[in-house]
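# Summary of structural features
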Amino acid sequence: MAYQPKKRKMTAEINVVPYIDVMLVLLIIFMVTAPFVNQGVDVDLPKTQTAETVAQLNKENDTPPIIVEVDKDGNLGVSINNADMAHGLSLDELIARVKAELASDPKTLVMVGGDGRTPYANIVETLDALSHAGVGSVGLMTDPLDKPGN
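Cut-offs applied
Residue positions are given per chain, counted from 1 along the sequence in the order it is written. Selection of residues for local features in this predicted model requires a pLDDT of at least 70, selection of side-chain atom pairs for listing and counting requires 80 or more, and totals for whole chains, interfaces and linings are taken over all residues. Side-chain metrics in this entry use all non-hydrogen atoms of the structure; hydrogen atoms and water are not considered. UniProt positions are given in the numbering used here, feature names are shortened, and annotations may be inferred rather than shown by experiment. Only C-alpha atoms enter the line fits that serve as axes; for helices the fit covers just the stretch in contact. Angles between N-to-C directions range over 0 to 180 degrees. To qualify as a helix, a DSSP run of H or I must reach at least 4 residues; to qualify as a strand, a run of E must reach at least 2; elements of each kind are numbered from the N terminus. Each angle receives one of four descriptions, namely roughly parallel if under 35 degrees, roughly antiparallel if over 145, roughly perpendicular if within 65 to 115, and oblique otherwise. Handedness of a crossing follows from how the near helix is turned relative to the far one, being left-handed for an anticlockwise turn of less than a right angle and right-handed for a clockwise one. Whether two residues are in contact is decided by their heavy atoms: any pair within 4.5 Å suffices. A helix is expected to span 1.5 Å multiplied by its residue count minus one. Take the buried Ala, Val, Leu, Ile, Met, Phe, Trp, Tyr and Cys residues and link them wherever side-chain atoms come within 4.5 Å; each set so joined is a nonpolar core. Partly exposed residues are those whose accessible area sits between 20% and 50% of the maximum for their type, while under 20% is buried and over 50% is exposed, using a 1.4 Å probe and protein chains only. We treat two strands as partners when DSSP finds at least two bridges between them.

If you look the chain up in an unreviewed UniProt entry, it shows as Tol-Pal system protein TolR from Photobacterium phosphoreum. The Subunit (unreviewed entry) comment attached to the chain in UniProt states, word for word, "The Tol-Pal system is composed of five core proteins: the inner membrane proteins TolA, TolQ and TolR, the periplasmic protein TolB and the outer membrane protein Pal. They form a network linking the inner and outer membranes and the peptidoglycan layer." UniProt's Sequence similarities (unreviewed entry) comment on the chain is quoted here verbatim: "Belongs to the ExbD/TolR family."

Encoded structure:
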């Protein structure tokens, strides 16, 4: 009998342990850096005594309002469905997002909040653009004044 060497069968295997280690490190990095991400525009709203809450204004509709913010430098931000504030938008991008949301639910309230230090022209420009986009009613956001004795 002649000697026949055994033929080894080739197997293709991927060792996934290094990939799992890399993914774990990336997950930890994202978890640590997530709180440092800027979540909105800083807006110092003007204060009033007769302001109504959104719940009082929005009695017939449960959907959260669309919130448009203008910071002191005129930068625009929008929050839809209580999502994080998307900031640094152009006026056209802001209008497109608001129109898209109003197309799906026309009864959604639109609230505009402007920083107390924002030039009046920036607020009026935003209100005018919303009006031209077909937004029928816009509420202006304020903070309540501290009542005496609180």
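The discussion continues.
### Here we look at the packing of helix 3 (residues 91-104) against helix 4 (residues 120-132)
Orientation of helix 3 relative to helix 4, taken along the N-to-C sense of each, is 45°, at an axis distance of 10 Å. As judged from the angle between their axes, helix 3 and helix 4 are oblique. Considering only the axes of helix 3 and helix 4, their crossing is right-handed. Contacts between helix 3 and helix 4 involve Leu-91, Leu-94, Ile-95 and Val-98 from the first element and Glu-125, Thr-126, Ala-129 and Leu-130 from the second.

### Some words on helix 3
For helix 3, built from 14 residues, the straight-helix expectation of 20 Å at 1.5 Å per residue is met to within 8% by its first-to-last C-alpha distance of 20 Å. Structurally, helix 3 contributes buried residues whose contacts are with strand 2 (66-70), strand 3 (76-79), strand 4 (86-89), strand 5 (110-114) and helix 4.

### As for the nonpolar core
Of all hydrophobic cores here, the largest spans 18 residues; its most connected members are Ile-66, Val-68, Val-78, Val-98, Val-110 and Leu-130. Of all elements in the fold, only strand 2, strand 3, helix 3, strand 5 and helix 4 reach the threshold of two or more residues within this core. When residues of this core are assigned to their parent elements, the largest contribution, four residues, is made by helix 3.

### Overview of the sheet that holds strand 2
Read across the open sheet, the five strands follow the order 4-3-2-5-6; overall the sheet is mixed. Edge positions in the sheet fall to strand 4 and strand 6 (138-140), since each of these pairs with one other strand and no more. Here the average twist between neighbouring strands, direction ignored, is 25°.

### Focus on the side chain of Thr-126
Counting through the fold element by element, Thr-126 comes out in helix 4. Look at Thr-126 and you get buried, because its relative accessible area is 3%. With sequence-adjacent residues up to four places away left out, Thr-126 is seen in contact with Val-68, Val-70, Leu-76, Leu-91 and Leu-94.

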